[in-house]
Number of protein chains: 2
Amino acid sequence: MIDVIVIGFGNVGFHLCKGFTSTPSVNLVQILSQHFTEDNFQGVEIIHDFENLAKADVYIISVNDDNIENVANKIPFKNRLVVHTSGNTQMESLPNTNRKGVFYPLQTFSKQREVLWKGIPICIEAQTADDLRLLKELAIAVSGKCFEIDSLQRKTLHLAAVFASNFVNHLYVIADEICTEKNIPFEILKPLIVETANKINSLSPLDAQTGPAKRFDSQTIQDHLTNFSDPQQKLLYEILTKSIQDHEKKL
Amino acid sequence: MIDVIVIGFGNVGFHLCKGFTSTPSVNLVQILSQHFTEDNFQGVEIIHDFENLAKADVYIISVNDDNIENVANKIPFKNRLVVHTSGNTQMESLPNTNRKGVFYPLQTFSKQREVLWKGIPICIEAQTADDLRLLKELAIAVSGKCFEIDSLQRKTLHLAAVFASNFVNHLYVIADEICTEKNIPFEILKPLIVETANKINSLSPLDAQTGPAKRFDSQTIQDHLTNFSDPQQKLLYEILTKSIQDHEKKL
């Protein structure tokens, strides 16, 4: 049984807690939240002050990147395992008072949406072999999928994830705007969106590329360019089209 | 039983033929392909010349946009129903010799990847109520999902699909490049990519947005910007970040 305390109750913290409470080999001892006013979550005690922190095998800090160091400094213990969940923060930025580590689940989390932990890659890092073993055990218990990734690789992975998820979602936003402006239900695009993502499970993204830019179909591209009322949409269209074509020319 | 002939055997034509041959109420009479050298596909005769075209209820032209008119002009009949499958070509661009229509399946097709026709939206258009009824019957038989969409709406839908599919896939290409350059398996990103797409089935894209741009996390954004070796990747990062932030400011 691994005793865990989660510090921070945002999107990631919330879903981590849900994951831990439904994993038999994990004991979620406490949740520390400075903003959440309830006193328990699914039977787990919620505390609001660092003085009330109990003993645990691992303290998981899940707060905004800018706050990690500040929060870690408030932990009133020494030599315990303290990890953060950030994609873009070095393990070394944690203070030296405790043993350091990282427990980064590579997924997009929204409070309104249920998360299936099974299969979510969890990227771990630690200073000692024992701590790495413990984090690996925890990751495997929660999701079954664990990768040892150092801080530099994690930074790269986080950048790639921004393209593959945040920027991708923004393109959905723009597709939605284009449809809505002409009273076309965005609904019609959903099977296409889901298939475009699922395709990369059987084809490399480069092999999966289709569309007028890839075909250098200049008539269709010119047609599209006359259709924009929003200059920012048009600029995105031009730059993404050029980038696809530059990639095709290199093949 | 609806008698269909497919003209053109590219990605869309190929998958249409597969869909038709597995639909009991559709009879695929012939496939006309000028490039494909085989003489049959799943028991259906493949012909190579327009003179050999048989009689059918509907002729579906599935060739590159630039070739549709040229191919339609070679059909040696009058007053039959001839449709194309293009998102960006007006129905009216078909010649007047035959009755015109559109049968546009809104999905991304690659020959190497199996297509599940069930649930794929098929956008139809025709000149007469009878032809519209026939195309609707055909669409419902193949996928169960049919929308009447006129040429102007279809153009808009096609543009939105370019953002939601072609451009999205290109961002997967870039994420793959970023990972591969630093020897990180692209595999790790796949659960994130699939969840990002599935999320829009329960949240609007705007509600689903996450990440440093949305949070105006300038430290992380600055960090990311120092990481690029490719100026085109950097430019895309900057423009997509700005576009997300401009959207957030409007909320």
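Throughout this description, residue numbers start from 1 for each chain and increase along the sequence as written. Lettering for chains starts from A, numbering for ligands starts from 1, and both go in the order in which the items are written. Whole-chain, interface and lining totals are the exception, using all residues; otherwise, since this is a predicted model, local features are given only for residues with pLDDT of at least 70 and side-chain atom pairs are given and counted only at 80 or more. Only hydrogens and water are set aside when side-chain values are computed; all heavy atoms of the structure are taken into account.

1. Points about the nonpolar core
Buried residues of nine kinds, namely Ala, Val, Leu, Ile, Met, Phe, Trp, Tyr and Cys, make up a nonpolar core once their side-chain atoms join them within 4.5 Å. For each residue, the accessible area found with a 1.4 Å probe, counting protein chains only, is set against the maximum for its type, and the residue is called buried under 20%, exposed over 50%, and partly exposed in between. If you look at the biggest cluster of nonpolar residues, it comprises 76 residues, and the most contacted ones within it are A:Phe163, A:Leu189, B:Phe163 and B:Leu189. Should any heavy atoms of two residues lie within 4.5 Å, those residues are counted as being in contact. Filtering out sequence-adjacent residues up to four positions away, A:Phe163 remains in contact with A:Val168, B:Leu171, B:Ile174, B:Ala175, B:Ile178, B:Phe228, B:Gln233, B:Leu236 and B:Tyr237.

2. A few points about helix H7 (residues 218-225) of chain B
The numbering of helices and of strands both runs from the N terminus, where a helix is a DSSP run of H or I of at least 4 residues and a strand a run of E of at least 2. Buried within H7(B) are the following residues: B:Thr220, B:Ile221, B:Asp223, B:His224 and B:Leu225. Where H7(B) is buried, its residues touch helix H4 (151-181) of chain A together with helix H8 (231-250) of chain B.

3. Remarks on the relation of the copies chain A and chain B
Alignment of copies: least-squares fit on C-alpha atoms of residues with pLDDT of at least 70 in both copies. At an RMSD of 0.0 Å, chain A and chain B line up after a rotation of 180° and a shift of 0.0 Å along the axis. Those values place the two copies in the arrangement expected of a two-fold rotation axis. Proximity to the rotation axis, assessed at the C-alpha, singles out A:Val168 in chain A; its C-alpha lies 2.7 Å from the axis. The fraction of interface residues of chain A whose copies in chain B are also interface residues reaches 100%, indicating that both copies meet through the same surface.

4. Observations regarding the interface of chain A and chain B
Every contact between the two is made by 91 residues of chain A and, on the other side, 91 residues of chain B. Two parts lose some accessible area (1.4 Å probe) when they are put together, and adding that loss for both gives the buried area. Area buried by chain A at its contact with chain B is led by A:Arg113, A:Phe163 and A:Ile188, which between them contribute 8% of it. We count a salt bridge whenever a side-chain nitrogen from Lys or Arg sits within 4 Å of a carboxyl oxygen from Asp or Glu. Applying the counting criterion to the chain A and chain B interface returns four salt bridges. A salt bridge links A:Asp223 to B:Lys155, with the nearest nitrogen and oxygen atoms 3.1 Å apart. Distance and chemistry together define a polar contact, namely a pair of N or O atoms within 3.5 Å, with one atom able to donate a hydrogen and the other to accept it when in protein, and with adjacent residues in sequence counting only for side-chain atoms on both sides. For the pair chain A and chain B, the number of links is 40 residue pairs in polar contact (both at pLDDT 80 or more). Counting only elements with at least two residues in the side of chain A that touches chain B, the list comes to H4, helix H5 (190-199), helix H6 (205-208), helix H7 (218-225) and helix H8 (231-250) of chain A. With 26 residues, H4(A) is the single largest residue contributor to the side of chain A that touches chain B. Polar here means any residue outside two lists: the nonpolar Ala, Val, Leu, Ile, Met, Phe, Trp, Tyr, Cys and Pro, and the charged Asp, Glu, Lys and Arg; Gly therefore counts as polar. Residues of the side of chain A that touches chain B, tallied by class, amount to 43 nonpolar, 31 polar and 17 charged.

5. Some words on the confidence of the model for chain A
Residues with a pLDDT of 70 or more make up 100% of chain A, whose mean pLDDT is 95. Complex prediction metrics read pTM 0.89 and ipTM 0.91. The predictor rates its confidence in each residue with pLDDT, a number between 0 and 100.

6. Re the pairing of strand S6 (residues 81-84) of chain B
Residues and elements named next belong to chain B. Side chains Leu81 and Val83 of S6 all project onto a buried face; the interleaved residues Val82 and His84 project onto the opposite face, where all are buried too. Relative to S6, strand S5 (residues 58-61) runs parallel, the two sharing four bridges. Bridged to Ile60 within S6 is Val83. When the strands point away from the viewer, a crossover counts as right-handed if the route from the first strand across the helix to the second turns clockwise. Crossover connection from S5 via helix H2 (residues 68-73) to parallel S6: handedness right-handed. Two strands form a pair only when DSSP identifies at least two bridges running between them. One ladder, built from four bridges, connects S6 with strand S7 (residues 99-105); its direction is parallel.

7. Points about the packing of aromatic side chains
Aromatic rings from Phe, Tyr and Trp, with only the six-membered ring used for Trp, were paired whenever their centres fell within 6.5 Å, and each pair was classed as stacked if the ring planes differed by under 30 degrees, edge-to-face if by over 60, and tilted otherwise. Summed over all chains, the structure comprises 24 aromatic pairs over all chains. Their ring planes at 50° and their centres at 6.2 Å tell us that A:Phe163 and B:Tyr237 sit as a pair that is tilted. In this pair, A:Phe163 sits in helix H4 while B:Tyr237 sits in helix H8, so the two residues belong to two different chains. Side by side, A:Phe163 and B:Tyr237 carry an identical accessibility label, which is buried. Considering the side-chain rings of B:Phe20 and B:Phe103, the 6.4 Å spacing of their centres and the 45° angle between planes classify their relative orientation as tilted. Within this pair, whereas B:Phe20 is found in helix H1 (residues 11-21), its partner B:Phe103 is found in strand S7, the two being separated by 83 residues in sequence. Overall, B:Phe103 belongs to the buried group, its relative accessible area being 0%.

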